[in-house]
Every structure is written in C-alpha cells, then in structure tokens.
Amino acid sequence: MTAVAEKQVKNGVNVEALLGAREALSKAPEAAKFNWKATSKWVGGTHTRTNMKSFFGLGQDQSHKSEFSFDTDHPEIFASEDKGATPVEMVLTGLAGCLTAGVAAVAQLRGIQLRSVKATLEGSMDIQGILGIDSDVRNGFDGVKVHFDIDADGTREEIAALVAQSQKRSAVYDILTNPTNVSVTVN
Amino acid sequence: MRTDVIVIGAGHAGLAMSRHLAARSIDHVVLERGEVANSWKTERWDSLRLLTPNWQSRLPGYEYRGDDPEGFRTMPETIAFLEGYARAIAAPVRTRTTVTSVRRAEDGYAVSTDRGAWRARAVVLASGACNLPSVPPFAAALPDSVASVYSKDYRNPAQLAEGGVLVVGASATGVQLAEEIQRSGRPVTLAVGEHIRMPRRYRGRDIQWWMDTAGILELRHDEVDDLGRARNVPSLQLTGNTEGRTTDLNALTAIGVRLVGRLAGLREGKALFSGSLANQAALSDLKMNRLLDAIDAWASAQGLDAPPRERFAPTRIEALPALSLDLRGIRTVLWATGYRPDYSWLELPVLDRKGRIRHAGGVADAPGLYVLGLPFLRRRKSALIDGAGDDARALSARLAAHLDATAKAAPIPRIARAADFASPAISF
C-alpha cells in the first residue's frame, strides 16, 4: 500500500472500502449472500423493457439511487423495429462492464494509474440454432472475444496481469464460462 | 495411560516434533494409525518420486549424506528415510493405534484410541493435510460405466481399463498421472483449473535450489497479504526427475494429452468444462514469470555466476477448447482434485465453518493444542518435509512454555538439553 500512497494513484475505485467489506464479510458470510433483481414488461413485438431498482444484500433489501431501464429488441433485418440493443448484446454489455470494473479495481489495488481502458467485444453465433434449422447448432454464442486496449503506468506484463486477474474475479465471466441452473416458472 | 504430550501421526511432521520434544526432555508418545510413514506406504502411486531433491529433505538432526544430493527419492526410499529417522531419534511411536477421539479434560486432553485411553496436557495434530479426497459434489452422479478413482488409490496405468481417461486437476499429481496414463496408450483428457506452472530446472539449477537459496520458501505466515489464499495455492506442476524434465501443459500437449477447462458439471452423460482455460493458462504463465523475475533479481543482486536468464514459451491453448466430453468415450475419471484433513475424531470447538482448523502459525484455538504439516502453516515451506523442522522447533517452544505455565505447584524442573541440537547430524 506504500506504493499506492507514494504514487497517488486515482482510478476512482475505493479499494479501502472493498478490502474492508471483504474483511467484514469473511467474518459474516451470511451477509455476503446477494440477490439481484430485474423486472421486465413486454412492450410489443420483440421489444421488451427491463427495469432494475431493488436488490438484496448485506442482510436486507437495498436500492439503487434511481431506477435503471433498458430496452431490448431485434434489428430490422429480423423484421423487428430495433427499439433497443439485442438481448445478446446486453450480455456483452454485462461482460464489458464487469471486466472493466475489475481492471480498475485491481489496478487501484496494485498502484497502477490507468489513463484509458477500451474493450472491444464480439460474440459469434450461428443463428441456425435459434431458428431451429439445425439442432446440432447451439442457440447461444459459440465463442466470445474480448480485446482490451489499455493505457496505463505499468509494464506489459503488469497490464496483462490486471486483465487476467479481472477475469479470475469476474461474476459475468464466470456466468458465461460455467453452467448455471436456471429455473423458469409461470403463474 | 498418561503422558505430557500426545503427537498424532508418525509422518515427517510428527517425527520432527518428537525429536524436538525429546530434546527438551518432554515426556510424549506418538500415536500412529498404521506404521511410520503410513501415507507414503499406502496412498502413493508406484512411479512417484518426491518433488524436492534429496538434499532438501532435512529433518532436525538428520540430513542427506548420500552421493546423489540432486536425486529424487522414490517412495521406498522416502519410506526408508523416515523409518531411519524414527529409529535414529528413537521416537516413542505406538504403531497400529488409531485415535478415535480427542476431548478436553480437566488438565488437558483425553485421547481415546482403539488400544486404550490416554491423558495428556498437550496434543500435537500431525495427522496430515491429505486425508480425505476433495471432489466436487456432482462426482457421485458419474454413470456406472465410468470408474471413479481417487489419486491416492491409483498405483499404475495397468489398474485402469483400456480406453479414455479424464484426469481432473492439473497440479503436481494431475500432470504426473496424465503423462503416465497417456504414455500407457490410454488417451487422456485433462481438466485444468487453477494451476502453477514451474520449470524443473532454471538457469542450470533445480528450481527448488533457487527457491530455497533465495529465501522464497522461508516467507512467514505473518508476512503474506492474504494467508487464506496462500494456504490454498495448488502444488507446483513438478515431477521428481533428474533429466530436468518439465511437466507443464505444453509438455502434456506434445504427447497428445487433450486440455479442457475446469470440470464444471455433469449433464446428460456429458462432462461439462469451464470456458476459462485460456485465462487459467495466462494467469499461470504470468505467475511463473513473476517468480522467475524475482529469482533473476536475486541472482543479479548476489552477483551469482549462473547461465543467462530464460523465458519459456507461453502455454499453448487451442482457440476453442472443448466445453463438453461424451462420457461414453471415457472408462475412468481420476480425481486429482486435492485432499483435506480428517478431523472427524477431534471433539473440540476449533474448526471454522469450512471444517478447517483455526490456528495462528500452528497454535490452535484451544490451550495446549498444536497442529503441524499443513500448507503455509508458518512458512511457505511448511508443506514440504523440509518445512517440518523449523515449524516443530517453533511450536515445541510454544508447547514447552504452555506446559511450564500450566504446571501444578512445584513442578520438577526440566534440564534443558540444548546440547542435543549441537550434536553432529545423523547421516542417512
């Protein structure tokens, strides 16, 4: 931490608070159980609006400062009205946000000043799967590529280590790379 | 039966403690469920050699004096080494004595065994870190057509059915078994999670020489940022061999082993693997290079005359490693996923919520209770045979102080026998 103080690294991540939370939660693991929530409403056609306001964590209901709303739709080439990003692009949004936040947090912890972090993401998909043309083709991505361009006060290896560590601790990276049980019910 | 100290386990750690207790004239017995070096005799595969060179297995007052210091002991040699040590120090070992419970008693502990009950003022747990296999909960869902083998029950490839083998885990055990089984003609798929890549030799020396001489293994438990993490670091991908052979993932790929990500689940007759293999390999390469950087910096600061610095090719991972494997092509799943201690007989409130013993550098959270032989117990080298001596010395001092402090009125003074430590080392 001496290096951090000396170099006055400011990536805008409050690492002391994160480390404090880690320390506190390792002693009270029940409080570490979070539940993230979203509610969606069909608008029409393939257009859906999803809102996020409340979530659960630290043993009680929590709330964002304001409600966030995201529209998803399909593009015109699918005969849709393109009122929002596609749901699969929202998955890329989640991955980009998660990995980049991780890069910033790890950089702060390691005393590396970031100047710019740009990620370019691609999710490749054969839509024969979702169209039911070929049952051997999966519906989802057959691969996801993320490329980072990072300008920072660090060696090549230090920057590579930021990106590697960020994947190791990323929730969305884990969600995409490992199976997850999903239960869907209807009233 | 009554004694001052009961040591549970007559492996290298328990014997090292016995030697230090004897040197302090502390009355003790060592209870052993089987024989001296029991796990080495009953839970190791045939071709295994120690991962550390002969010179590096130093026990208190006992070190290698043979003519092959750079060699790596086979299991029979390791067993002979530990049996020789038990004889040389005349350790008071009660073999074939299984501890069935340890409970708090009025002035210490009540230790029940299948050969009678003991009372002692202090207890040292040296029963090892590797008693129970750690396998994922879904392991039980393997189809009946696939044999499930723990690494401690594996002896050699002939024991396995002909056909495909899925080796789960790529630490020292997993990479060694993957290599041996692949060479036996059984095609191996290796599921790779977090692992630590390590060259066997670096700049003309064994990697253990560098880590030992540069002080890397000496790092103390109170000097690391994240001790919980340090205690969970997987074993280095090393094989005991004098040819300088490295057993990293590239070496395995070269002989045809197929690499996949961490085993994430079983579903509909298929094993599912994580898509994180590329990052696991990248993390491991970075970690290895940081260690080599530290070695280079140390060598340079010492002005050491050594061959030039080396860097190894990055781990090669296919662009799209397989995410699933049809188990109809697999005859055996070999679990090299690590072990955890068995404390089922320890009837004391000293375990954390994950069943690990709570301790500070081997001093457990109960008066007069100590533990030895766990990863990073007091130092990075604690998991090695070579680490047991320093740990036992430090803990025997704490134990002696505890006995002194809790002694009833007018204890008989013990005569310090420091001379024992000045005596010439016994050669093997």
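Residues numbered from 1 in each chain as written. Chains lettered and ligands numbered in written order. Predicted model: local features only at pLDDT ≥ 70, side-chain atom pairs only at ≥ 80, totals over all residues.

Help me understand the pairing of strand S5 (residues 99–105) of chain B in this model?
Consecutive side chains along a regular strand alternate between the two faces of the sheet. Sheet analysis places S5(B) next to strand S6 (residues 108–113) of chain B, joined by 6 bridges and oriented antiparallel. Counterpart to Ser101(B) in the pairing with S6(B) is Ser112(B). (Pairing = 2+ DSSP bridges. Helix = DSSP H or I, 4+ residues; strand = E, 2+ residues; numbered from the N terminus.)

Any chance you could explain the interface of chain B and chain A here in plain terms?
One frequent convention defines the size of an interface as the accessible area lost when the parts assemble. Residue-level contacts link 13 residues of chain B with 12 residues of chain A. For the side of chain B that touches chain A, the secondary structure elements donating two or more residues are strand S16 (263–267) and helix H8 (277–302) of chain B. At 5 residues, the largest contribution of residues to the side of chain B that touches chain A is made by H8(B). Looking at the side of chain B that touches chain A residue by residue, the classes come out as 6 nonpolar, 6 polar and 1 charged. (Contact = placed C-beta atoms within 7 Å. Nonpolar A, V, L, I, M, F, W, Y, C, P; charged D, E, K, R; others polar.)

Looking at this model, I keep getting lost on the sheet that holds S6(B). Mind explaining?
Sheet strands pair by backbone hydrogen bonding; their relative direction is either parallel or antiparallel. Residue and element names in this part refer to chain B. Reading across the sheet, the 3 strands line up as S5-S6-S7 and stay open at both edges, with antiparallel pairing between neighbours. Because the sheet does not close on itself, it has two edges, and the strands there are S5 and strand S7 (116–120). Strand-to-strand twist of the sheet, defined as the mean angle between neighbouring strand axes without regard to direction, takes the value 20 degrees. Inspection of the sheet shows S6 paired to S7 by 5 bridges, in the antiparallel sense. (Axes fitted to C-alpha atoms, helices over the stretch in contact; angles between N-to-C directions.)

Looking at this structure, I do not really get the confidence of the model for chain A. What am I missing?
Note that predicted coordinates carrying low pLDDT should not be read in detail. Summary statistics for chain A give a mean pLDDT of 93 and a share of 96% for residues scoring 70 or more. Under a pLDDT of 50 for its full length, residues 1–6 of chain A has, in the predicted model, 3 contacts with residues more than four places off or in other chains. (pLDDT = per-residue confidence, 0-100.)

Whenever I open this one, helix H1 (residues 12–23) of chain B confuses me. Can you help?
Along an α-helix, residues three or four apart share an orientation, since each turn contains 3.6 residues. Residues and elements named next belong to chain B. Over its 12 residues, H1 runs 17 Å from end to end, which matches the ideal 16 Å to within 8%, given 1.5 Å per residue. Within H1, 11 of the 12 residues are buried, which leaves it mostly tucked inside the rest of the structure. For H1, the full list of buried residues reads His12, Ala13, Gly14, Leu15, Ala16, Met17, Ser18, Arg19, His20, Leu21 and Ala23. Directly beyond the C-terminal end of H1, a positive phi value near 55 degrees is found at serine 25. (Expected span 1.5 Å × (residues − 1). Buried ≥ 20, exposed ≤ 12 C-beta atoms within 10 Å, placed from the backbone.)

What's the story with unusual backbone geometry in this structure? I'm lost.
Residues apart from glycine generally show negative phi values, whereas peptide bonds are mostly found in trans. Residues and elements named next belong to chain B. One non-glycine residue, alanine 37, lies in positive phi territory at about 65 degrees. Mapped onto the elements of the fold, alanine 37 is located in the loop between strand S2 (28–31) and helix H2 (38–42). In this structure alanine 37 comes out as buried when scored by C-beta crowding, with 22 C-beta atoms within 10 Å. Unlike most non-glycine residues, arginine 96 shows phi in positive territory, near 50 degrees. Mapping arginine 96 onto the fold places it in the loop between strand S4 (93–94) and S5. Its 13 C-beta neighbours within 10 Å are what place arginine 96 among the partly exposed residues.

I'm lost on the domain arrangement of chain B in this one. Help?
Residues and elements named next belong to chain B. Domain annotation for chain B reports domain 1 (5–131 + 341–427) and domain 2 (134–335). Put simply, the middle of domain 1 and the middle of domain 2, counted by C-alpha atoms, are 29 Å apart. Opposite the 20 residues of domain 1 that make contact, domain 2 presents 22 residues. Residue classes in the side of domain 1 that touches domain 2 are distributed as 7 nonpolar, 5 polar and 8 charged. (Domains from an automatic or database assignment.)

How should I be thinking about the pairing of S2(B) in this particular structure?
Residues and elements named next belong to chain B. What you see with S2 is no split at all: His28 and Val30 on one side and Val29 and Leu31 on the other are buried throughout. In terms of strand pairing, strand S1 (residues 5–8) meets S2 through 4 bridges, oriented parallel. Bridge pairing links valine 7 to valine 30 in S2. With H1 bridging S1 and its parallel neighbour S2, the resulting β-α-β unit is right-handed. Both S2 and S4 contribute to a ladder of 2 bridges, which runs parallel. Within the sheet, the bridge partner assigned to leucine 31 lies in S4 and is arginine 94. (Right-handed = clockwise from strand over helix to strand, strands pointing away.)

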